[in-house]
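Here is what each chain is made of, one letter per residue.
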Amino acid sequence: MNEWERNMNIPKSLFTNVYIPEGSNELFLYSNVEDLLSNTKDIETFVERFLNVEVPRLKILESYANGKNYGIMHRLSRKNRERADYRVAHNFGGYISKINTGYLFGIPVKVTNKKVGSLEDEEKDGNINDEEADVLKEVSEVNNIDELNSSLGYDCSVYGRAFELHYRNEDDEDKISKSSVFETFMIYDNTVERRPIMAVRCPRYVKDEKEIINIELYTKDAVYYCKETTTDNVEVFIDEEKTQENIREEIQIIDWFNNETRTGDFEEVLTLIDLYDFAQADTANYMTDFNEALLVISGDLDSTGLKYDKDANMLILKSGVSVGGGGNKIDANYIYKQYDVAGTEAYKKRLETDIHKYTLTPSLDDESFSQVASGEAQKYKLWGVEQLRSTKESYYKKAIKKRYGLINAVKSKVSEFFVDPKDLQIEFTENVPKDYWSEVKSFVDSGGELSKSTLISLLSWVDDVKDELDKLEFEKNGEEEELVVEEVKNEGEEVENVEVKAKEEPINKEVKEEKAVDNSKDIKKEKVKK
């Protein structure tokens, strides 16, 4: 649309692009936690800045992740209210975040104890520790770790940050839950290391038509609960009676970073997404306006000679009479904007390509990507995603290490066994189609050998390799038992046959002797007759 078609009563920067408040993604810094707790006015300042500056940015990013793009939804209306004014939003943000999150967390993150070693080493050395093997599985099942990791990864992809809260429930289970980015922020010290000194949660709800905040302060030593306050006038008053000691000796909220700048995966291309939305909306508006184009009739027209045939969709015009007695020339045409189809489509295609290029996200509509190709060819097409993955992994592993450090701190305090976080190995596996068997075939054909556990681990439908090996061993032992029983049975039959033959031999001997005696008698009788 042209500028004259819209009201121009706001700054031009807001006319074309979405507005992200300046300073809405900066770290909150303070000297130390002791001074901060002594000056609660500074905590109030942090809370107000979080609610008024940082939360608006998070809401804008959320709109693009949910397909309700802020730019097109808040675009100024066309000046002519009778014209079409579509708001066409395209969910590039959600697409990019889902692709990147699925690529990293589609296959669950593996957390293993480096000291335990592989299954082959365990069986060989005979040092299998069931308690060590089960403790990580127990933590994972109680907290549904795979789903939690994926949810935290998605928040990082959208907002550039995520938070997880640790606590112990009524059943003495160590629970981990995601804390909303709209309610949580971290305060760091002002050293070069930027170490966390306090986490703040400020969940909000409406009461008596006022927005109430319950502020919670988390430090290494304690958890402080503040008295209710309002968003209009934030005040921090610590309720000493509700203060709880922190046995973990570490802040029980862990911050996840998406990258060094804590930016979302699509945050840098919001302007391109807006331009694409505007172009598609303008195209839709044009198509509607074309159907309602203005009909202009020009020439010397006899007003009584105008007739419209609805059935034939035909306008019949009768011209007036000229001075010379002939008919005047008349014409009827629609007035509408000329639409450059090729140019507009090329413009939109270029925007779409730039969005994928600058976010390092492949387009599944790209023919060169969707065509069947070898595993190595696919790797080259996903090279950009791999660069993004390496950055994300380094930050995610750091957060996961902190997670098990907090769990270890609690279990050691209550005399429960747990694995030392330093001995944990964290492994991410990219979620892409892989041709394992071609690699295995090439390896075996070249004379290589693979263990059973390695071969089984390549099967997508097997989740627990050790459990599968145990089943194989059980079945093998069962077959050996059946074989032993069969052999014993066969041996029994042979023994019975031998006994039968032994019984048959004396009988045959007696029969032969009797026959021999009879024969001798017959011979003697014959001699006597002679």
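Structure: above.
Parameters at a glance
- Residues numbered from 1 in each chain as written.
- Predicted model: local features only at pLDDT ≥ 70, side-chain atom pairs only at ≥ 80, totals over all residues.
- Heavy atoms only, no water.
- Axes fitted to C-alpha atoms, helices over the stretch in contact; angles between N-to-C directions.
- Helix = DSSP H or I, 4+ residues; strand = E, 2+ residues; numbered from the N terminus.
- Left-handed = near helix turned anticlockwise from the far one by under 90°.
- Contact = heavy atoms within 4.5 Å.
- Nonpolar A, V, L, I, M, F, W, Y, C, P; charged D, E, K, R; others polar.
- Core = buried A, V, L, I, M, F, W, Y, C linked by side-chain atoms within 4.5 Å.
- Buried < 20%, exposed > 50% of the residue type's maximum accessible area, 1.4 Å probe, protein only.
- Polar contact = N/O pair within 3.5 Å; in protein donor to acceptor, adjacent residues only side chain to side chain.
- Pairing = 2+ DSSP bridges.
- Phe/Tyr/Trp six-rings, centres within 6.5 Å; stacked < 30°, edge-to-face > 60°.
- Parallel < 35°, antiparallel > 145°, perpendicular 65-115°, else oblique.
- Expected span 1.5 Å × (residues − 1).

Let us now look at the packing of helix 5 (residues 92-105) against helix 10 (residues 341-358). As a packed pair, helix 5 and helix 10 sit with axes 11 Å apart at the nearest point and diverge in direction by 35 degrees. Of the two elements, helix 5 crosses helix 10, and the hand of that crossing is right-handed. Residues Phe92, Tyr95 and Ile96 of helix 5 lie in contact with helix 10, whose contacting residues are Glu352, Ile355 and His356. Per-class residue counts for the contact of helix 5 with helix 10 are 4 nonpolar, 1 polar and 1 charged.

One finds Phe185, Ile187, Met198, Ile215, Leu217 and Phe266 to be the most contacted residues of the largest nonpolar core, which totals 54 residues. Here this core gets 11 residues from one element, more than from any other, and that element is helix 3 (residues 40-65). Other than its neighbours up to four places away in sequence, Ile215 contacts Val47, Val200, Arg201, Cys202, Tyr224, Tyr225, Cys226, Thr229, Val234 and Val236. With 24 residues, the next largest nonpolar core counts Leu148, Leu152, Ala399 and Tyr404 among its residues.

Structurally, Asp255 can be placed in strand 13 (residues 253-257). The class for Asp255 is buried, based on a relative accessible area of 10%. For Asp255, the side chain forms a polar contact with the side chain of Tyr188, separated by 2.5 Å. Beyond its immediate sequence surroundings of up to four residues, Asp255 is in contact with Ala162, Phe163, Met186, Tyr188, Ala399 and Lys402.

On to the pairing of strand 3 (residues 161-168). Buried residues dominate strand 3, accounting for 6 of its 8 residues. The pairing of strand 3 with strand 13 spans 5 bridges and is antiparallel. Within strand 13, the residue paired with Leu165 across the bridge is Ile253. Relative to strand 4 (residues 174-179), strand 3 runs antiparallel, the two sharing 6 bridges. If you follow Glu164 over to strand 4, its bridge partner there is Lys178. Counted between consecutive antiparallel strands, the loop separating strand 3 from strand 4 contains 5 residues, among which Asp172 sits at a positive phi close to 60 degrees.

The next point concerns the packing of aromatic side chains. Enumeration over the complete set of coordinates arrives at 11 aromatic pairs. Centre to centre, the rings of Tyr159 and Phe182 are 5.6 Å apart; their planes meet at 80 degrees, and the pair counts as edge-to-face. Of this pair, Tyr159 sits in helix 8 (residues 145-159) while Phe182 sits in the loop between strand 4 and strand 5 (184-189), placing them 23 residues apart in sequence. Each of the two residues, Tyr159 as well as Phe182, counts as buried. Aromatic rings pair up to connect Phe28, Tyr30, Phe46, Phe50 and Phe185 into one cluster.

Before going further, it helps to examine the packing of helix 3 against helix 8. Two elements in contact, helix 3 and helix 8, have axes separated by 9 Å at closest approach and are oriented at 105 degrees. Our classification of the angle between helix 3 and helix 8 gives roughly perpendicular. Listed contacts from helix 8 to Arg57, Leu58, Leu61, Glu62 and Ala65 of helix 3 are Tyr154, Val158 and Tyr159. Among the residues forming the contact of helix 3 with helix 8, the class breakdown is 6 nonpolar, no polar and 2 charged.

In spatial order, the strands read 7-8-11; together these 3 strands make up an open sheet with antiparallel pairing. Only two strands of the sheet have a single partner each, and these edge strands are strand 7 (204-207) and strand 11 (229-230).

What follows deals with helix 10. The first and last C-alpha atoms of helix 10 sit 26 Å apart over 18 residues, in line with the 26 Å expected at 1.5 Å per residue. Buried residues of helix 10: Thr344, Lys348, Leu351, Glu352, Asp354, Ile355 and His356, and no others. The elements touched by buried residues of helix 10 are helix 5 and helix 9 (270-291).

It is worth spelling out the pairing of strand 10 (residues 222-225) at this point. Every regular strand shows the same layout, with side chains that alternate between the two sheet faces. Across 3 bridges, the pairing between strand 9 (residues 216-218) and strand 10 is antiparallel. Bridging across to strand 10, Glu216 finds its partner in Tyr225. In this antiparallel pair of consecutive strands, strand 9 and strand 10, the connection spans 3 residues. In terms of strand pairing, strand 10 meets strand 12 (residues 244-245) through 2 bridges, oriented antiparallel.

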